[in-house]
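# What the coordinates show
Take a look at the letters that make up each chain.
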Amino acid sequence: MHTRLTRLLVAVSACALATSALAEDVKLGVVQSTSGGSAALYGTMQKNGAELAAAEINASGKLGDIKLVPVHQDDAGDRGQTVNIFQRLINQDKVKVIFGPTLTTSAFAADPIANAAKVPVIASSNTAPGVPAIGEYIFRTSAPEAAVFPGVLAYAQKRYSPKTAAQIYGIDDVLMKAAYGVHKAALDKAGIKVVATETFQKGDVDYSAQLTKIKAANPDIIVVGGLAEETANIVRQARQLGIPQTTVFLGANAAISTKLADLAGPAAEGFLVGSGWFIDFDSPLNKAFVEAYKAKYGSSPDTFAAQAHAAVTIFADAVKRAGGVSDPAKLRTAIADTKDLDTVLGPFSFDNDREPVLAAKVLELKDGKFQLAPVK
Amino acid sequence: MTTFLQQVVNGLSLGSIYAVFAIGCTLIFGVLNIVNLAQGAFFMVGAYLGLEVALLGLPLPLALAVALVGGGLLGMASELLVFRVLRMRGGHKWMGLVASLALARLLVGLAQEIFGTAVHGYPPSSLTAMVWEVGGVRVQLLQVIVVVTAVVLMAILGFTLQKTSMGRAIRTVAFSEDVARIVGVEVGRTILATFFIAGALAGAAGVLLGLLFNVVSPFMGEHMLVKGLTVIILGGLGNIPGAVAGGFLLGLVEVFSVAYVSSAFRDAIGFGLIFLILLVKPTGLFSGFEERRA
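Residues numbered from 1 in each chain as written. Chains lettered and ligands numbered in written order. Predicted model: local features only at pLDDT ≥ 70, side-chain atom pairs only at ≥ 80, totals over all residues.

## Concerning the overall build of chain A
Our working definition: Under the scheme used here, helices are H or I runs from DSSP no shorter than 4 residues and strands are E runs no shorter than 2 residues, and both carry numbers assigned from the N terminus. The atom set for the radius of gyration is the C-alpha atoms, and the globule formula is 2.2 Å times the number of residues raised to the power 0.38.
Secondary structure assignment for chain A yields twelve helices and 15 strands. Compactness check: chain A gives a C-alpha radius of gyration of 23 Å against a globular reference of 21 Å for 376 residues, within 12% of the reference. Expressed as lengths along the three principal axes of its C-alpha atoms, the size of chain A is roughly 90 × 40 × 35 Å.

What follows is the structure, given as structure tokens:
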């Protein structure tokens, strides 16, 4: 009796071992800043979004025996560290894909390494021009500024008919400098005169000198090229300096964060921004995502969490179509061929330049929340 | 003209925070001749202590008091656990510098763990929202509070240094530790008291900056440390009136370089000024105190 039980146990555990040996672990590099100032805000959201998506896909059994194993590394928003982490993930951990990095500056430094090693990179927060142009293996789910801002400006023109604008942007951040260029081009094209151009730097907290100058130029709208925390304080200080609520602020895609409303309070009411996603986006997949995110992390997801979630969804779909991860070229083509895939961002495709194709939405900050801007 | 006056208001409120922080730095760096790079971290911890008190719904003066005491105790702890130990073991001055850098990193790391990396703001209140408009110039109640608090803190410090036995002891130690011992000053205790004052000023500056600009983050101390060092060079090492004047001067220079040159050149002008002063007047703009301070 006793020996029979033992034998049975041995047989059962052997079976268990056999199945786990059959299951294939696919390592996903998740390079997101979870420390290092402003970047950490975006990085943490994306790490959460990516890990949630991987867990959901594993639980669904969609990929059969393939199990997605996220390996997170924090680059602290420092591109030197990003480069080291990319090398380690590719050469030691043998990851099959990298999600990230958080900052565009880091992407320009580290993505070429992954491209050379034929490891696909799917970014979910880099929005500056030129990121996928780094190479054939570089993709992104984050709608670039150039894809969303003209829509926002067109909306503002329809609703407020501005004649003049002021611009303020972060001069030492690749993303914000690029956003400035996109904003400027869109303003010029729309025939809106730029009456003041000001800059700030990372770590600045006092924008009063720049805003006093802007106030003196009396623009109809103010366009900010800044991250959420910077933008929040710029808007707040502008109101304190007496720039009226009727002077509407337009922001960069990167400013979309619940932190903006938290820090700026009522000063940011009416703030306009373009996005590929928003929390009340009405699709069953998105609703389930928001619920699951809240349940797991105890806070609401933001655009970056959603874009990271979509990135992992896209990868998993590509793995399925490519029949595994053994052939990097096949996997890359499968990712590039993504067409109208149902994601939390809505139907998602890549264009020939590996840029996301999705419907951008104009959002307005109202009652402390980003909402679809009312159509008038 | 209104724009000019508005910029003066902007510069003075920024400068008053620089001044409070820089006095603490100049006491340690210049008067005691100790390089303590953890001052920036004390500033950050002070901002968080004040924030926690404010979030409990307690009044702002209490938040400031907690930051003062908390920053001061941290300063004392750094002397007792780091600098004194190194001095007693005959460590080189540079070892204190490196140790203080490590201490700063440790505090930043702890703050990241406890409070997270996201920027926090002080809770809004009727007090923080109040603004006056005088002839087109907007003055916030907060700016007035910050400047007045800064001036009061500086006055208390000036009185302490000039009129109290503790102040005399600090000035004697600054002149020479040996002389201080000969005339019966308790050197260890005096240094400890100086560390308390410097830490307390850093902590208070943290609350003032956090309040005025609505920004509290684990990394806020690093930028401030650079500003503090700039100011004490401007004002002359160990020169307290110099640090006050230097603080206001840096605030005004930063604001006016944005206002009349370009925001892109702000730091270039600020630091260019340092080079210029170091070349023309290496002892700082307000030198003279160096000889008088004993």
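## Comments concerning the environment of Leu285(A)
Residue and element names in this part refer to chain A. The following threshold applies: Contact criterion: two residues are in contact if their C-beta atoms, reconstructed from the backbone, are within 7 Å.
Topologically, Leu285 is positioned in helix H10 (residues 284-297). Taking C-alpha positions, Leu285 is 19 Å from Gln371, a pair spaced 86 residues apart along the chain. When sequence neighbours within four positions are dropped, the list of residues in contact with Leu285 reads Asp342, Thr343 and Val344.

## Some words on the nonpolar core
All names here are of chain B. So the rule is basically this: A set of buried residues qualifies as a nonpolar core if it consists of Ala, Val, Leu, Ile, Met, Phe, Trp, Tyr and Cys joined through C-beta atoms within 7 Å. Residues with at least 20 other C-beta atoms within 10 Å of their own are called buried, those with 12 or fewer are called exposed, and the rest are partly exposed. The C-beta atoms themselves are positioned from the backbone.
Core analysis: the biggest nonpolar cluster contains 217 residues, and Val20, Phe21, Ile23, Leu201, Ala204 and Leu208 have the highest contact counts within it. It is helix H9 (residues 187-213) that contributes the most residues to this core, 17 residues altogether. Excluding its chain neighbours within four sequence positions, the residues that come into contact with Val20 are Ala150, Leu153, Leu201, Ala204, Ala205 and Leu208.

## Focus: the pairing of strand S9 (residues 248-251) of chain A
Residue and element names in this part refer to chain A. Test applied: Two strands are counted as paired when DSSP detects at least two bridges linking them. Assignment of crossover handedness uses the view with strands pointing away from the viewer, where a clockwise path from the first strand over the helix to the second indicates a right-handed crossover.
As paired strands, strand S8 (residues 221-225) and S9 are joined by four bridges and run parallel to one another. What sits directly across from Val224, in S9, is Gly251. As a crossover connection, the stretch from S8 through helix H8 (residues 228-240) into S9 is right-handed.

## A short note on the sheet that holds strand S13 (residues 356-357) of chain A
Residues and elements named next belong to chain A. What counts here: Lines fitted to the C-alpha atoms define the axes, with helices restricted to the stretch that makes contact. Angles between their N-to-C directions range from 0 to 180 degrees.
Pairing in this open sheet of three strands is antiparallel, and the strands run S11-S12-S13 from one edge to the other. Each edge of the sheet is formed by a strand with only one pairing partner; in this case those strands are strand S11 (341-343) and S13. Sheet topology note: the S11/strand S12 (residues 346-350) ladder contains three bridges and is antiparallel. Following the sheet pairing, Asp342 is matched in S12 by Pro347. Sitting on the sheet, helix H11 (residues 303-322) touches S11 and S12, and the angle it makes with S11 is about 145°.

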